[in-house]
Amino acid sequence: MTKRAVITGISGQDGSYLAELLLGKGYEVHGIVRRSSSFNRQRIDHLDHGVGSALNLHYGDLSDAVGLVNLVRDIQPDEIYNLGAQSHVAVSFEVPDYTGEVTGLGAVRLLEAIHASGVDARFYQASSSEMFGSAPPPQSEATPFHPRSPYASAKVFAYHTTVNFRESYDMFTVNGILFNHESPRRGENFVTRKITTAVARIVCGLQDQLLLGSLDPKRDWGYAPEYVEAMWLMLQHDTPGDYVVATGEAHSVREFCEAAFGHVGLDWEKYVSIDARYVRPAEVNYLLGDASFAERELGWRAQTRFDELVKIMVDADIARIENSNEGRRP
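This one's a predicted model, so the numbers in the text were calculated from it and none came from an experiment.

S.K.: Describe the environment of Ile10, with residues and values.
M.R.: Examined against the element boundaries, Ile10 turns out to sit in the loop between strand E1 (4-8) and helix H1 (13-24). The exposure class of Ile10 is buried, given its relative accessible area of 0%. Residues Ile10 and Gly31, spaced 21 residues apart in sequence, show a C-alpha to C-alpha distance of 5.5 Å. Apart from the residues within four sequence positions on either side, Ile10 is in contact with Gly15, Ser16, Ala19, Val29, Gly31, Ile32, Val33, Ile44, Leu55 and Leu57.

Pasting the structure below:
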C-alpha cells in the first residue's frame, strides 16, 4: 500500500530534498504552500506535480487552524513533516510576533489538527540546535535549552508541545533537533549561501566585497540531503523519540570564509568586511552536536564533511551564475 505524507515548508531547502526522498521511496507526497502574489517554488519546479502525479500541492498556512484540520482530514496522511516556519534567526528579532505565531503556534495547530481529525499520522517536528543557545558544547538530547532569539524560543515551545502531545494523547510525535545543515538550495540570506554566492560573484567579476556580522560563532555544519533522511528514519522507528542530528564537528564563520575563498584560490581577508548591521542582539557562540543517540537508534551518521560541503556549495553557485544572464554580462 502506498504511503501518504504531508510536508509543510515543501518549497524550502529541507522540504524539497525530503519530497525527493519520499517520492523516490514510492510515497504519495502532499505539500502545503502559502498563497502569495509571487511563486517561490524553484526548489521543487523539477518535480512533477501535475494532475495524476505522486506530488500534490495544496494551499494552506500554519496560522489557519481550521484549514489545517480540513487538510489533514481530507488527505489522511500516514506521516506529517512540519518543516514550515519563519526560520531566519536574525529576522526573528525584527518580527518576533510573527515568528512565534508561525514557528511556535503553527506546530500546535498542526498537532491539534491530527488529534481533532482522528487521523493516525506520525508527526515530525523540525526542531533546531538554536534552542540550545548559550548551553555549553557539545549539545545532546540531555542538554538544557537556553534560547537566544525569538526564533529559538518559538522552537522550544514547539518542541515541548510535540512532547506534550506524545505523552498526553499517545501520539507518535518526534523532534529532530537538527544542527545547521546547508546545500546549494539554502536561502541566500543565510550566512553560508551569502558567502558562497559572494565567492561566485567575485570569481565572475560581479562583486568585490562581502559584508558579514561576527566571524567568531562556531556551527556544526552538515549536508541537508543527508539530514532529511534522518527525519524519515525517525518516523520509521518502532517508538517515538527526540534526536540530535549533527556531524560532531564545528567550524567558525571565519573558517567557512577561508574554505570558500580558498577553494577558488582567493584570500578571504581581501574581500570580507564586518558590518555592525549584521550582528545579532544576542549571539549564539558555539553549537556542536552529539548525534551518538541517532547513530545508535536509527543507524544514521553524517557522511559529508565540512570541506566537501563548502566545495559543493561554491561550485554550484559558480555554475549557477555562469549559466545565468547575470554571468553572461558583457
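Now that the structure is up, let's keep going.
S.K.: Any chance you could break down a negative patch on the surface for me, citing the residues and the numbers?
M.R.: Taken together, the side chains of Glu255, Glu258, Asp267 and Glu269 present a region of like negative charge at the surface. Tracing the backbone through its elements, the reader meets Asp267 in the loop between helix H8 (253-263) and strand E13 (272-274). On the basis of relative accessible area, Asp267 is assigned to the partly exposed category, the value being 34%.

S.K.: Account for the environment of Lys155, with residues named and values stated.
M.R.: Relative to the helices and strands, Lys155 resides in helix H5 (residues 150-169). A relative accessible area of 3% means that Lys155 is categorised as buried. Taking the C-alpha atoms as reference points, Lys155 and Thr103, separated by 52 residues in sequence, lie 6.4 Å from one another. Filtering out sequence-adjacent residues up to four positions away, Lys155 remains in contact with Ala85, Thr103, Gln125, Ala126, Ser127, Ser128 and Met131.

S.K.: Pulling in residues and values, what's your account of the pairing of E1?
M.R.: Of all five residues that make up E1, four are buried, and the element is covered over most of its length. When E1 meets strand E2 (residues 28-33), the two strands line up parallel, connected through five bridges. Opposite Val6, over in E2, you have His30 as the bridge partner. Note that the unit made of E1, H1 and E2 has a crossover that is right-handed. The pairing of E1 with strand E4 (residues 79-82) spans four bridges and is classified as parallel. Bridge pairing in E4 places Ala5 opposite Glu79.

S.K.: Can you tell me about the packing of helix H6 (residues 191-203) against H8, naming the residues and giving the values?
M.R.: Where H6 contacts H8, the axes come no closer than 10 Å and their chain directions differ by 30 degrees. It follows that H6 is roughly parallel to H8 by the angle criterion. Here H6 runs over H8; the crossing is right-handed. Contacts between H6 and H8 pair Val191, Thr192, Ile195, Thr196, Val199 and Ile202 from the former with Val253, Phe256, Cys257, Ala260 and Phe261 from the latter. Looking at the contact of H6 with H8 residue by residue, the class counts come to nine nonpolar, two polar and no charged.

Procedures and definitions
- Residues numbered from 1 in each chain as written.
- Predicted model: local features only at pLDDT ≥ 70, side-chain atom pairs only at ≥ 80, totals over all residues.
- Heavy atoms only, no water.
- Helix = DSSP H or I, 4+ residues; strand = E, 2+ residues; numbered from the N terminus.
- Buried < 20%, exposed > 50% of the residue type's maximum accessible area, 1.4 Å probe, protein only.
- Contact = heavy atoms within 4.5 Å.
- Patch = residues over 30% accessible without salt bridge, like charges linked within 9 Å, V, L, I, M, F, W, Y side chains within 5 Å.
- Areas by Shrake-Rupley, 256 points an atom, 1.4 Å probe, with all protein chains shown as cover.
- Salt bridge = Lys/Arg side-chain N within 4 Å of Asp/Glu carboxyl O.
- Lys, Arg positive; Asp, Glu negative; His and termini not counted.
- Charge placed at Lys NZ, Arg CZ, Asp CG, Glu CD.
- Pairing = 2+ DSSP bridges.
- Right-handed = clockwise from strand over helix to strand, strands pointing away.
- Axes fitted to C-alpha atoms, helices over the stretch in contact; angles between N-to-C directions.
- Parallel < 35°, antiparallel > 145°, perpendicular 65-115°, else oblique.
- Left-handed = near helix turned anticlockwise from the far one by under 90°.
- Nonpolar A, V, L, I, M, F, W, Y, C, P; charged D, E, K, R; others polar.

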